[in-house]
Amino acid sequence: MRDGAVMPKKHLGQHFLKDKNYVSRIIGTAEIGKDDVVVEIGPGTGALTFQLAELAGRVIAIEIDHALSQELAERAALYPNLTIIEADALRFPYETIETKFKVVANLPYYISTPILFRLMELRHKITSLTIMLQKEVAKRIVALPGGKDYGMLSIAVQFYAVPAIVFQIPPGAFFPVPEVNSAVLKIIPREKPAVAVRSEPLFWSVIKSAFSHRRKTLLNSLSMAGFPKEVTERILHTAGIAPLVRPEEIGMEAWGKIADALSEQHTGRSSHSID
Ligand code: SAM
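In short, a report on the structure. (Residues numbered from 1 in each chain as written. Predicted model: local features only at pLDDT ≥ 70, side-chain atom pairs only at ≥ 80, totals over all residues. Heavy atoms only, no water.)

Some remarks on the site of the ligand
The ligand sits among 24 residues. The nearest are L17, G42, E63, A89 and N106. Within the side chain of E63, one N or O atom sits 2.6 Å away from an oxygen atom of the ligand. Here the ligand, which alone exposes 590 Å², has 99% of that area covered by the protein. Taken together, the residues of the shell around the ligand sort by class into 14 nonpolar, six polar and four charged. (Near = heavy atom within 4 Å. Polar contact = N/O pair within 3.5 Å; in protein donor to acceptor, adjacent residues only side chain to side chain. Areas by Shrake-Rupley, 256 points an atom, 1.4 Å probe, with all protein chains shown as cover. Nonpolar A, V, L, I, M, F, W, Y, C, P; charged D, E, K, R; others polar.)

Things to note about the nonpolar core
I41, I131, F203, L218, W255 and I258 are the most contacted members of the largest nonpolar core, which totals 66 residues. Residue-level mapping places this core at the junction of two domains, with at least three residues from each of domain 1 (10–189) and domain 2 (200–264). In this view, I41 contacts I62, A89, Y94, V103, V104, A105, N106, L107, I115 and L119; residues no more than four positions away in its chain are not counted. Of all hydrophobic cores here, the second largest spans 28 residues; its members include A30, F50, V104 and Y109. (Core = buried A, V, L, I, M, F, W, Y, C linked by side-chain atoms within 4.5 Å. Buried < 20%, exposed > 50% of the residue type's maximum accessible area, 1.4 Å probe, protein only. Domains from an automatic or database assignment. Contact = heavy atoms within 4.5 Å.)

A few points about unusual backbone geometry
A cis amide bond links F175 with the next residue in sequence, P176, at an omega value of -10°. Tracing the backbone shows P176 in the loop between strand 8 (174–175) and strand 9 (182–189). Unusually for a residue other than glycine, E31 sits at a positive phi of about 50°. When you line up the elements, E31 lands in the loop between helix 1 (20–30) and strand 2 (37–41). (Helix = DSSP H or I, 4+ residues; strand = E, 2+ residues; numbered from the N terminus.)

So, the packing of aromatic side chains
Applying the stated criterion across every chain, the model contains eleven aromatic pairs. Their ring planes at 85° and their centres at 5.3 Å tell us that F159 and W204 sit as a pair that is edge-to-face. Pair noted here: F159 is in helix 6 (residues 152–160) and W204 is in helix 7 (residues 200–212), with a separation of 45 residues, a long-range link. Here the two residues F159 and W204 agree in accessibility, since each one is buried. Counting every residue linked through ring pairs, the aromatic cluster contains F159, Y160, F203 and W204. Positioned above the aromatic ring of F167 is the side chain of R25, whose terminal nitrogen or guanidinium carbon lies 4.2 Å from the ring centre. (Phe/Tyr/Trp six-rings, centres within 6.5 Å; stacked < 30°, edge-to-face > 60°. Lys NZ or Arg CZ within 6 Å of the ring centre and 35° of its normal.)

A word on helix 6
What sets the pattern is the α-helix's 3.6 residues per turn: residues three or four places apart point alike. Taking burial as the measure, the nine residues of helix 6 include nine buried ones, the bulk of the element. Those residues of helix 6 that sit buried are M152, L153, S154, I155, A156, V157, Q158, F159 and Y160. Against the buried residues of helix 6 lie helix 4 (112–121), helix 5 (135–142), strand 7 (161–169), strand 9, helix 7 and helix 10 (252–264).

Digging into the pattern of salt bridges
Scanning the entire structure with this criterion turns up nine salt bridges. Here E95 and R118 are joined by a salt bridge, their closest N and O atoms 3.3 Å apart. Here R118 lies in helix 4 and E95 lies in the loop between strand 4 (82–86) and strand 5 (101–106), a separation of 23 residues in the sequence. Classification of R118 by relative accessible area gives buried; the value is 17%. Here R198 and E264 are joined by a salt bridge, their closest N and O atoms 2.7 Å apart. You can see R198 sitting in the loop between strand 9 and helix 7 and its partner E264 sitting in helix 10, a full 66 residues away along the chain. Taking the relative accessible area as the measure of exposure, R198 reaches 56% and is therefore exposed. Linked by salt bridges that have partners in common, E95, R118 and E121 make up one network. (Salt bridge = Lys/Arg side-chain N within 4 Å of Asp/Glu carboxyl O.)

In structure tokens form, the structure reads like this:
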């Protein structure tokens with residue numbers, strides 16, 4: 001890493017990994033072989049990119065920064081299996097990649113949540129994700145019901161995939177040094193969602209409504225969102241869920257039961273997707 005050669009752009013979340021020990025650990029976690037197509041999001045100065053190209057069948061690296069992607073493209077000339085694409089990873093048409101792929105990314109913190117939602121939509125194309133993000137966000141992704149970290153993000157990822165924190169990275173491993181700690185997650189998409197539900201749009205609608213008023217009880221937040229109070233009360237009673245419980249205490253199975261029971265009531269509400 002040539003610290004002096006690049007002026008990091010804060011607004012693009014540019015913190016370059018300079019500690020080679022952590023580079024090796026991330027690459028090892030991704031378990032890349034010659035049969036793999038790898039999509040790297042935000043290659044930056046290439047800390048991971050060229051090692052990935054040594055190991056993988058093909059690497060597609062998507063970098064939004066014009067200067068960085070130009071510099072990477074010049075260096076990529078030596079690697080026929082490496083394609084550098086200058087694009088916004090949030091808008092990139094991943095569907096056009098013909099095969100399944102593995103995602104490897106030291107994510108820019110400012111887009112980590114929308115990127116994760118996008119990647120969960122693409123789960124059928126993805127074999128695994130090895131991603132580094134802010135430790136606080138990683139904790140929210142793996143959180144279980146009952147704690148303050150559990151919420152929409154935990155459910156959105158755990159419904160479609162199995163996430164695990166593999167290791168943490170201290171700020172000093174980067175240039176420039178970020179203000180937060182980082183963690184590397186390995187996420188394996190599930191073949192089928194964790195819970196079978198009648199209507200996924202309604203499932204997400206119920207959960208979104210509940211967590212948008214997370215300090216309120218479940219009964220109140222759902223009725224504020226337009227689900228009739230008497231109906232919701234009856235459904236919670238039948239499902240054995242206390243009406244005064246708060247959303248962060250409810251596990252995925254129970255969300256599924258609530259949504260399925262509400263869908264039977266033909267509440268006529270408009271639907272939502274996870275993002
Ligand atoms: N992978 C490099 C490393 O580990 O040193 C750089 C990681 S840095 C945390 C994030 C990178 O993502 C930066 O190079 C930044 O320019 C790039 N980036 C930021 N927003 C992006 C976006 N919307 N699409 C693609 N790349 C983006």
